[in-house]
Amino acid sequence: MCADQLIKAQRDQLIAILGRGSVENFESILDHLLAWDLLNWEEYEYVKSPRLLSSSSRNLLDIVACKGTRACELFILVLEDVIHSSLLTNLILGNYKPPEKTDESSASPSLLASQTLQKHRPDVVRKLHGRIAAVLELLHRCGHFSKYECVEIHLPIYTPSQQARKLLDLTKAKGDDTAQVLLDYIDSESGPIKSVLGNVCLKYQEKLSSTLAAQSRFLTNYAGTENMCLEDVYVDCILEISNTTGTNGCLRRLIGLEDIFGPDGILNKDAETVLITGEAGSGKSTSLQQMQQLWAAKQAFQDFTFVFVFSCRRLNFIDKHISLEMLLFEHCCWPDHHQDEVFQYILDHPEEIMFMFDGFDELKFQFTDEERHCSPTKPTIALNLIFNLLQGNLMKNTKKVMTSRPSAVTAILRKYLQKEMTLKGFSPEGIEMFIRKCHSNSSSAERILYFVEANPALHGLCHVPFFCWIVSKCHEQLMQNGSDFTPTMTDVYLLILEHFLLHFTHSSQGMNEVLPSQVGAILHLSKLALDGLTSCCYIFSAVQLQEAEVSEEDISLGFLVHSHSASHASSVVNNRNYEFLHITVQCFFAALYITLDDDVGQSTLYSLFKPRQKKTSSFMMSATCIEGCPFYCHQSPEQHENRSETMLQGAKRSNLQITASFVSGLLSGRHRNLMGKSSLIQKQSKKYKLVKKYLEKSIQKHFLSIPPAVGGEKKSMHALPEFVWWIKCIYEMQDSDLAKQAVSKLEVDHLKLTYCGIGPVECTALAYVLKHLKNPVGLQLDYNSVGDVGIEQLLPCLNVCHSIYLRANNISDQGVSKLVDRALGCCNLQKIALFHNNLTDACIQNFAKLLIHNDNFLALRLGNNHLTGAGAEVLAEGLKQNNSIQYLGLWGNKIGDAGACAIAAALEDNTSMLWLSLVGNDIGSRGARALAAMLKKNTVLEELCLQENSLVDEDMLHFAEGLQNNSSLKVLKLANNKISRKGMEFIATALKHNITIASVWRKPCYCRGDSKNDQSRKKIDILIKILKKELCDL
Ligand SMILES: Nc1ncnc2c1ncn2[C@@H]1O[C@H](COP(=O)(O)OP(=O)(O)OP(=O)(O)O)[C@@H](O)[C@H]1O
Ligand SMILES: [Mg+2]
């Protein structure tokens, strides 16, 4: 029977089906018929005019029947597309196979815009879904639709598809210009247009997308204790796509999450699974959550009609046999109606389906391709369904994206991977963005950022998003313990430990309960860590793990990760190697072993804390250790102790220092009760006393080694590298008696810690200890990375400093304002040097205040900052009211003439300033004249440095005059100006009348008289002679 006869024969049933069906279905059929030109516009308007659906259906069938067999064939095609198959099964149509519709969809360039819209009407209706408001706004803005028309179309009584159709109908009525605007908008929205969804599928899509949106809205952390809105905290991670290129290793590129299905990095084009690997906490689950959000909010992945998301951890719990339909509907999202219809759509449109599997490593069983399962309806175990989905045996042509820690990726699985990507965590900018997002209060974000950035170990950790979150979070948490509570590194790492354990045990207990319950695993891992450190071993083979009794369960705590650092070749051979998440985490575990294990005794502790003697070669030592001593062998406690002690000598010094700081922290009163065992507390107290003794002794020995001061100079100590480490250990111990004791015998005038890698963390420790000094010292911290946060950390010890030197320490106005605020109350502090930082005029008010307030202040050096004339003017106000300052250094700023004039005016009557440097400050004639005039009045200034300015010969005339009337200046530095012979002659003449001046620098190699203060006529003559000789050379 041909199509027109079929329709005629089944007319009654067809009318009944269409009449009882939904308006949406009916209109959707009309869309297709219009698109295929089976209906002209008049016919369409006639059929859709409001009347009973059955009567409209009758009219439609009449029209279609009149149009011949081909029209009827296409009509049947549409029916099958739009109406659910179960409704059509009673019709002969159900068995009728209409001829394939020829593909006429490619746009013909000769079509008018309105014709194009009509030709693609079903797709356009779909595309407009969710964008009606935006399109109406656009058309209104361009003057095509009136406000009233927009409101009318957007009435909530219409479904989104109906609104789209009304919009299209009005566009058609308005003409081609309007149609073009709409077409342009549609073209600008990327993505291919999918097949038209029936109402049932649309409903399911809506339900699925709201389910996924709700599921992925909040980010649950490891402990599950806090919910953060993903949108508020999400930061893009570095996603690296690797393309193995044979012998040349891997080419790596970065891509965005939205591009993971793109053509980049395809290794196997027949496979359909994209794998994202990443270490624990690198953001895999969060990235999938973000993908869900993007899809549900229609911001990306819109080629997919349905997205099904599964947590592998949860799939483990499905213990009965299930079919694919059950998996999708019962374990992801249940369709409220017409399940069969929805499922059929899914089966029929696999290219519109995406599956997400999070945490493949968490599946109970390893991937296998042994059991083939192709039936979408036959039940099997859930894992088998997943494995077959991944292989493409089931639901071929769907897209699959899966995340896993690298350890679970086997060679068999790789056969089915289309591509593999690695999530590398946050970039440095990402860390900053994340911390700012987590802390709405910008000043606390700033504090944490400084804290993190200034501490390389922490900053390194923060590239792992999970650590970043913990560090950021726990910093805040620790601060909440009270305003005088200072967090130690041990506090931070213990918090990391706690979060991992809570995540692993899914428990909501506190640290005190969870830690004792996992003590076995901790001891296994910590022994592995210590033995690794002592033999410089950071990557552990399966054998080593076995020997250390580290079980799979211990590994799954998450501190050990699959090792990547081995070379390509060795990783192929030996791909089950593990390493600690981070070297500092290994140190932390080693420290846990040292503090918790009964067999670790005095000599191990001693060798951990003692200063290292120069060894023959640490490499040799570690090599011997590794060869001569198997990684694990059975030993008596004594042997064990001897071995640990000997082997500590082989460990890297920096790692031992970190370990020692953690040991100090873990033994501190704060953490000694970690395991809640009284016997352990006793042993730890003993270890604590030992460590305390070593630290005290080491520091005092260091002090004793300081050579005595020579020839009237003050005693100065240049700290040994170990000094800062010991100080940090004391800080970790949080024992103020120890701090007091440690520095009680320090009798130096100057403590030099230049180039010692001092950042805020070290500043905290330094201040903690140095505040107990008996006598004030000069604290020289030049060329470190103290920063504004470090400054704040130093404040507690500012009163025991008579001078503080902070050259080149990345300090800005903010830090300075805190420093000076505190300095106002510190009567001992007399000198501040801040050469080469980031200071601007904004901080000068603080110094002016300091000058006015502190009448014993002696020296201020602000060279090589960003000060201008305005800043110098403010400073001059302070200078006017100060009569103690002797040294002022402003070298390398830009104070210009205005600044020079202000300073000069302030110094006219000054009675204390001995030395003034205005080198390299853009000073010209006006400033020079003011300074020269100041010399006439000033009676105390001994040295004036004016090199590298723009002084000219005429200015020297003024200086000559100034010098003739001055009796205090001994040194005038004028090198690198624009002064010629003529200018120097002015000076030479003036020197005949000046008996004080001892040297005048004109070239970088200055000419000078006798340096002694004996201002004899004879010496001046020599000086003039030298000057004259120089003039002849010119
Ligand atoms: N892109 C991100 N933006 C903001 N925070 C993130 C991001 N990625 C991860 N995080 C933070 O790190 C935590 C851990 O991330 P996530 O659970 O995604 O890691 P994972 O790689 O799945 O770890 P595991 O291997 O243990 O499953 C999150 O709870 C969140 O606090
Ligand atoms: Mg995860």
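Residues numbered from 1 in each chain as written. Chains lettered and ligands numbered in written order. Predicted model: local features only at pLDDT ≥ 70, side-chain atom pairs only at ≥ 80, totals over all residues. Heavy atoms only, no water.

So, the overall build of the protein chain: which residues are in play, and what are the values?
Looking only at helices and strands, one finds 49 helices and 24 strands in the protein chain. Within the span of the protein chain, comprising 1034 residues, buried residues form 55% of the whole. In the protein chain, once contacts between residues fewer than 6 apart in sequence are set aside, the share between residues at least 24 apart is 77%. When the accessible area of the protein chain is evaluated, it comes to approximately 44900 Å², of which 52% is carbon and sulfur surface. (Helix = DSSP H or I, 4+ residues; strand = E, 2+ residues; numbered from the N terminus. Buried < 20%, exposed > 50% of the residue type's maximum accessible area, 1.4 Å probe, protein only. Contact = heavy atoms within 4.5 Å. Areas by Shrake-Rupley, 256 points an atom, 1.4 Å probe, with all protein chains shown as cover.)

Now, about the environment of Asn864: what can you tell me, with residues and values included?
By secondary structure assignment, the location of Asn864 is in the loop between strand S18 (859-861) and helix H44 (869-880). With sequence-adjacent residues up to four places away left out, Asn864 is seen in contact with Phe835, His836, Asn837, Trp891, Gly892 and Asn893. Side chain to side chain, Asn864 and His836 meet in a polar contact 3.1 Å long. (Polar contact = N/O pair within 3.5 Å; in protein donor to acceptor, adjacent residues only side chain to side chain.)

Provide a residue-level description of the pattern of salt bridges, including the pertinent values.
Inspection of the entire model under this criterion finds 33 salt bridges. Of the charged contacts, one joins Arg141 and Glu137 as a salt bridge, the two residues approaching to 3.2 Å between their closest N and O atoms. With a gap of four residues between them, Arg141 and Glu137 both fall in helix H10 (residues 132-141), about one helical turn apart. Given a relative accessible area of 57%, Arg141 falls into the exposed group. Residue class for Glu137 comes out partly exposed when judged on its relative accessible area of 46%. The shortest N-O distance in the salt bridge between Asp336 and Lys207 comes to 2.8 Å. Taken as a pair, Asp336 in the loop between helix H18 (324-331) and helix H19 (339-348) and Lys207 in helix H14 (residues 199-217) lie far apart in primary sequence, 129 residues in all. Using a relative accessible area of 27% as the deciding quantity, one classes Lys207 as partly exposed. (Salt bridge = Lys/Arg side-chain N within 4 Å of Asp/Glu carboxyl O.)

Outline helix H46 (residues 925-937), listing residues and values.
Every α-helix carries 3.6 residues per turn, so stepping three or four residues along brings you back to the same face. The end-to-end C-alpha separation of H46 is 19 Å, in line with the 18 Å expected for 13 residues at 1.5 Å each. Along H46, the residues classified as buried are Gly927, Ala928, Ala930, Leu931, Ala932, Met934 and Leu935. Close packing links the buried residues of H46 with helix H45 (896-907), strand S20 (915-917), strand S21 (943-945) and helix H47 (953-964). (Expected span 1.5 Å × (residues − 1).)

Kindly report on the packing of aromatic side chains, identifying the contributing residues and their values.
Applying the stated criterion across every chain, the model contains 33 aromatic pairs. Residues Phe329 and Phe343 carry aromatic rings whose centres are separated by 6.0 Å and whose planes lie at 80° to one another, so their mutual orientation is edge-to-face. Note that Phe329 is positioned in helix H18 and Phe343 in helix H19, a separation of 14 residues in sequence. An identical accessibility class is assigned to Phe329 and Phe343; each is buried. Centre to centre, the rings of Tyr731 and Tyr768 are 5.4 Å apart; their planes meet at 80°, and the pair counts as edge-to-face. In this pair, Tyr731 sits in helix H38 (residues 721-733) while Tyr768 sits in helix H40 (residues 760-770), placing the two residues 37 residues apart along the sequence. Neither residue differs from the other here; Tyr731 and Tyr768 are each classed as buried. An aromatic cluster is built from Tyr204, Phe306, Phe308, Phe310, Phe329, Trp334, Phe343, Tyr345, Phe355 and Phe357, whose rings are joined through pairwise contacts. Its guanidinium or amino end placed over the ring of Trp915, Arg861 lies 4.9 Å from that ring's centre, counting from NZ or CZ. (Phe/Tyr/Trp six-rings, centres within 6.5 Å; stacked < 30°, edge-to-face > 60°. Lys NZ or Arg CZ within 6 Å of the ring centre and 35° of its normal.)

Quick rundown of the packing of H14 against helix H16 (residues 284-296)? Include the residues and the values.
Contact geometry of H14 with H16 gives a least axis separation of 8 Å together with a crossing angle of 140°. The angle between H14 and H16 places the two elements in the oblique class. As for the relative orientation of H14 and H16, their crossing is left-handed in sense. Side by side, H14 and H16 meet where Gln205, Leu208, Ser209, Leu212, Ala213, Gln215, Ser216 and Arg217 of the first sit next to Gln289, Gln292, Gln293, Trp295 and Ala296 of the second. Residues that form the contact of H14 with H16 fall into these classes: five nonpolar, seven polar and one charged. (Axes fitted to C-alpha atoms, helices over the stretch in contact; angles between N-to-C directions. Parallel < 35°, antiparallel > 145°, perpendicular 65-115°, else oblique. Left-handed = near helix turned anticlockwise from the far one by under 90°. Nonpolar A, V, L, I, M, F, W, Y, C, P; charged D, E, K, R; others polar.)

Describe in detail the nonpolar core, supporting the description with residues and values.
As a rule of thumb, soluble globular proteins bury nonpolar side chains together. Grouped together as the largest cluster of nonpolar side chains are 257 residues, with contacts concentrated most on Phe308, Phe609, Phe847 and Phe959. In contact with Phe609, other than residues within four places in its own chain, are Ala660, Val663, Ser664, Val691, Tyr694, Leu695, Ser698, Trp725, Trp726 and Cys729. (Core = buried A, V, L, I, M, F, W, Y, C linked by side-chain atoms within 4.5 Å.)

So, the packing of H10 against helix H12 (residues 160-174): which residues are in play, and what are the values?
H12 packs onto H10 with a crossing angle of 20° between their chain directions and a minimal axis gap of 11 Å. One finds that H10 runs roughly parallel with respect to H12. Here H10 runs over H12; the crossing is left-handed. Only Pro160, Gln163, Ala164 and Leu167 of H12 make contact with H10, whose side of the interface consists of Ile132, Val135, Leu136 and Leu139. Considered class by class, the residues forming the contact of H10 with H12 number seven nonpolar, one polar and no charged.

Tell me about the pairing of strand S15 (residues 777-780), and name the residues and values.
Sheet faces and side chains relate simply in a regular strand, where the side chains alternate between the two faces. Neither face of S15 is left uncovered, since the one carrying Val777 and Leu779 and the one carrying Gly778 and Gln780 both have all their residues buried. Note that strand S14 (residues 750-752) and S15 share three bridges and pair parallel. Paired with His750 across the two strands is Gly778, which belongs to S15. In terms of handedness, the path from S14 via H40 over to S15 forms a crossover that is right-handed. (Pairing = 2+ DSSP bridges. Right-handed = clockwise from strand over helix to strand, strands pointing away.)

How would you explain unusual backbone geometry if you had to name every residue and give the values?
Positive phi, close to 55°, is recorded for Tyr783, a residue that is not glycine. We classify Tyr783 as partly exposed; its relative accessible area is 33%. A positive phi angle, near 60°, is found at Asp922, a position not held by glycine. Within the fold, Asp922 resides in the loop between S20 and H46. Residue Asp922 is classed as partly exposed on the basis of its relative accessible area of 48%.

How would you explain the sheet that holds strand S10 (residues 539-540) if you had to name every residue and give the values?
The strand order S10-S12-S11 describes an open sheet built from three strands, whose pairing is antiparallel. A strand with exactly one partner marks an edge of an open sheet, and here the two such strands are S10 and strand S11 (560-562). When S10 meets strand S12 (residues 578-580), the two strands line up antiparallel, connected through two bridges. What sits directly across from Phe540, in S12, is Tyr578.

Run through the pairing of strand S6 (residues 306-311), naming residues and quoting values.
With respect to burial, S6 is a largely interior element, five of its six residues being buried. As defined by bridge partners, S6 adjoins strand S7 (residues 353-358) across six bridges and the pair is classed as parallel. Across the sheet, residue Ser311 finds its bridge partner in S7, namely Asp358.

So what's going on with helix H28 (residues 519-534)? Which residues, and what values?
Over its 16 residues, H28 extends 22 Å from the first C-alpha to the last, a length consistent with the 22 Å expected when each residue adds 1.5 Å. Turning to H28, its buried residues are Ala521, Ile522, Leu525, Ser526, Leu528, Ala529, Leu530, Asp531, Gly532, Leu533 and Thr534. Immediately downstream of H28, the backbone of Cys536 shows phi near 50°, a positive value.

Hey, could you go over the side chain of Lys400 for me, with residue numbers and the actual values?
In this structure, Lys400 sits in strand S8 (residues 399-404). In this structure the side chain of Lys400 is engaged in a polar contact, spanning 3.1 Å, whose partner is the backbone oxygen of Leu389. At a separation of 3.0 Å, a polar atom in the side chain of Lys400 contacts the side chain of Thr398. Not counting the four nearest positions on each side in its chain, Lys400 is found in contact with Phe261, Glu272, Thr273, Val274, Phe355, Phe357, Leu389, Leu390, Gly392 and Met395.

Explain the state of the cysteines residue by residue, including any values.
What the rule picks out here adds up to zero disulfides. No disulfide involves Cys462; its nearest neighbouring cysteine sulfur is the one of Cys468, lying 4.3 Å away. For Cys801, which is in no disulfide, the shortest distance to another cysteine sulfur is to Cys797 and amounts to 4.6 Å. Residue Cys801 is classed as buried on the basis of its relative accessible area, which comes to 2%. (Disulfide = S-S within 2.5 Å.)

With reference to specific residues and values, describe the confidence of the model for the protein chain.
Chain-level pLDDT for the protein chain is 81 on average; 82% of the residues reach the 70-or-more range. Of the regions scoring below 50 in pLDDT, residues 103-107 engages in four contacts with residues more than four places distant in sequence or in other chains. The low-confidence segment residues 565-574, where pLDDT is below 50, has four contacts with residues more than four positions distant or belonging to other chains. (pLDDT = per-residue confidence, 0-100.)

An account of the side chain of His671 is requested, with residue identities and associated values reported.
Along the chain, His671 turns up in the loop between helix H36 (653-667) and helix H37 (678-704). Assessed through its relative accessible area of 12%, His671 is described here as buried. Polar contacts involving the side chain of His671 include one to the side chain of Asp491, which spans 2.5 Å. Residue contacts for His671: discarding those within four places in its chain leaves Thr490, Asp491, Leu494, Gly665 and Leu666.

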